[in-house]
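Chain by chain, the residues:
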Amino acid sequence: MGYSLNHRETDALFDRLAAEYKIYAPKRFAKQGRYSDTDIVRYDEIHTAEEIVWDKKSDFSAKEVLTPVTEPIFYFTEDEYRESGAPKKKILIFLRPCDINAFEHQDRIYLDNGGFCDSYYQRMREKTRFVLMECTEGWDTCFCCSMGANRAEEYSAAVRHTEEGILWSVKDEELAPHFAGCEEVDWQLQFIEKNQFDVKIPEIADKETLAKLKKHPMWQEYNDRCVSCGSCTLACSTCTCFTTRDKIYSENAMAGERRRVHDSCQIAGFDAMAGGHGFRTTPADRIRYRALHKVHDYKARFGDYHMCVGCGRCSARCPKFISFPAIINKMSAALEEIAAEASK
Ligand code: SF4
Ligand code: SF4
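Residues numbered from 1 in each chain as written. Chains lettered and ligands numbered in written order. Predicted model: local features only at pLDDT ≥ 70, side-chain atom pairs only at ≥ 80, totals over all residues. Heavy atoms only, no water.

We now examine the overall build of the protein. When you go through the protein residue by residue, the secondary structure sums to 11 helices and 12 strands. Computed over its C-alpha atoms, the radius of gyration of the protein comes to 22 Å, within 12% of the 20 Å expected for a compact globule of 344 residues. Projected onto the principal axes, the alpha-carbon positions of the protein cover approximately 70 × 60 × 45 Å. A separation threshold of at least 6 residues defines the contact pool for the protein, and within that pool the share at least 24 residues apart is 73%. Of the roughly 17700 Å² of accessible surface on the protein, a fraction of 50% belongs to carbon and sulfur atoms. When the 48 basic and 55 acidic side-chain charges of the protein are each reduced to a single mean position, those positions are 5 Å apart. (Helix = DSSP H or I, 4+ residues; strand = E, 2+ residues; numbered from the N terminus. Rg over C-alpha atoms; globule rule 2.2 N^0.38 Å. Contact = heavy atoms within 4.5 Å. Areas by Shrake-Rupley, 256 points an atom, 1.4 Å probe, with all protein chains shown as cover. Lys, Arg positive; Asp, Glu negative; His and termini not counted. Charge placed at Lys NZ, Arg CZ, Asp CG, Glu CD.)

It is worth spelling out the domain arrangement of the protein at this point. Assigned domains within the protein: domain 1 (2-66 + 87-184) and domain 2 (207-240 + 265-342). The largest contributions to the domain 1 side of the interface with domain 2 come from Arg34, His105 and Phe143, which together make up 26% of the buried area. Counting across the domain 1 and domain 2 interface gives three salt bridges. Taking the shortest distance from any N to any O, the salt bridge between arginine 108 and aspartate 304 comes out at 2.6 Å. (Domains from an automatic or database assignment. Buried area = accessible area lost by both parts, 1.4 Å probe. Salt bridge = Lys/Arg side-chain N within 4 Å of Asp/Glu carboxyl O.)

Orientation of helix 6 (residues 207-215) relative to helix 9 (residues 283-302), taken along the N-to-C sense of each, is 145 degrees, at an axis distance of 11 Å. Along this stretch, helix 6 crosses helix 9, giving a crossing that reads as right-handed. Along the contact surface, helix 6 presents Leu210, Leu213 and Lys214, while helix 9 presents Arg288, Leu292 and His296. Considering only residue class, the contact of helix 6 with helix 9 consists of three nonpolar, one polar and two charged. (Axes fitted to C-alpha atoms, helices over the stretch in contact; angles between N-to-C directions. Left-handed = near helix turned anticlockwise from the far one by under 90°. Nonpolar A, V, L, I, M, F, W, Y, C, P; charged D, E, K, R; others polar.)

With that settled, consider unusual backbone geometry. For aspartate 37, which is not glycine, the phi dihedral falls at a positive 70 degrees. Counting through the fold element by element, aspartate 37 comes out in the loop between strand 2 (21-29) and strand 3 (40-46).

Attention shifts here to the sheet that holds strand 11 (residues 242-248). Judged by pairing direction, the sheet is antiparallel, and its four strands sit side by side in the order 5-4-12-11 without closing on themselves. The open sheet has two free edges, formed respectively by strand 5 (81-83) and strand 11, since each of these has just one partner strand. On average, each strand axis in the sheet is tilted by 30 degrees relative to the strand beside it, whichever way the strands run. Here strand 11 pairs with strand 12 (residues 256-262) via seven bridges, running antiparallel. Residue pairing in the sheet places threonine 243 in a bridge with valine 261 of strand 12. (Pairing = 2+ DSSP bridges.)

Looking now at the environment of glutamate 173. Structurally, glutamate 173 is set in the loop between strand 9 (165-170) and strand 10 (183-184). Taking C-alpha positions, glutamate 173 is 8.4 Å from serine 156, a pair spaced 17 residues apart along the chain.

What follows is the structure in structure tokens.
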């Protein structure tokens, strides 16, 4: 069912929803950007529709609502421990189609990965509903169309922002009562059909080709460019790696909390093993690993989609201007070279 709400009606709707839900959306944080006098847009709780940033892609992804950069998972003393509390209210997240597709990958990794289920993610996810923000133009780092992530169906409601207010399309019966008495309208949700550029997705025919691609000289430039800061994976809507850290409250090391903290395969030492062994010891090794994971390994394992949804946040956040779509295109060009060499 479709509804049209002006700004005043939307704020009243948010007041009604707030009794049941915590509402999260991309929000502007003034002067907290990378450069002086620049803002940052990231996910946070909102109370009015005015706080939602519609005209800019968030610098960080919606995954931070369910898996914050750092979160306590349990508290301990010498003799006992207590799990951190689950959220009391349900969660409503405003996000774009690529981000909803990204959550499909998050769900797979956290909820159904080799028979293991992450209870900390599960308790958040069970309470979460999505509100799709219509996205028809994208931004200069987006390549969702090439990744097939420009459309999404798994949402409770969809919205279009207009000068007069917000158009709503409500699918979820749980949300419907909040719209009783609102003006009904027919409108059609639209999706972006073409980004500003396309990427050529690499098709790796067999293990022999994969081995040749891993050794290809294309990766070497990243030894000079990548500084292994991990900004790309922190911003990535599909990266899920984390580590744990213990925080001790005082001199007594037996009382404190264990926190889950985002980790990054791009940082040196991520793969460190006992005895000082490591597998990806250079920036080029680590970039190659991330790129293959996003556009080959994940799909090879699960059989349906590539992990990357083309949100472009990794490229936008990289301090060395390393473009992920450029890496993907270089992989495709390298594979053509490898095929031509093999056919000689
Ligand atoms: S690899 Fe880059 S473009 Fe792909 S999902 Fe992650 S941040 Fe988005
Ligand atoms: S690719 Fe860019 S953002 Fe990622 S680790 Fe390297 S320098 Fe940092």
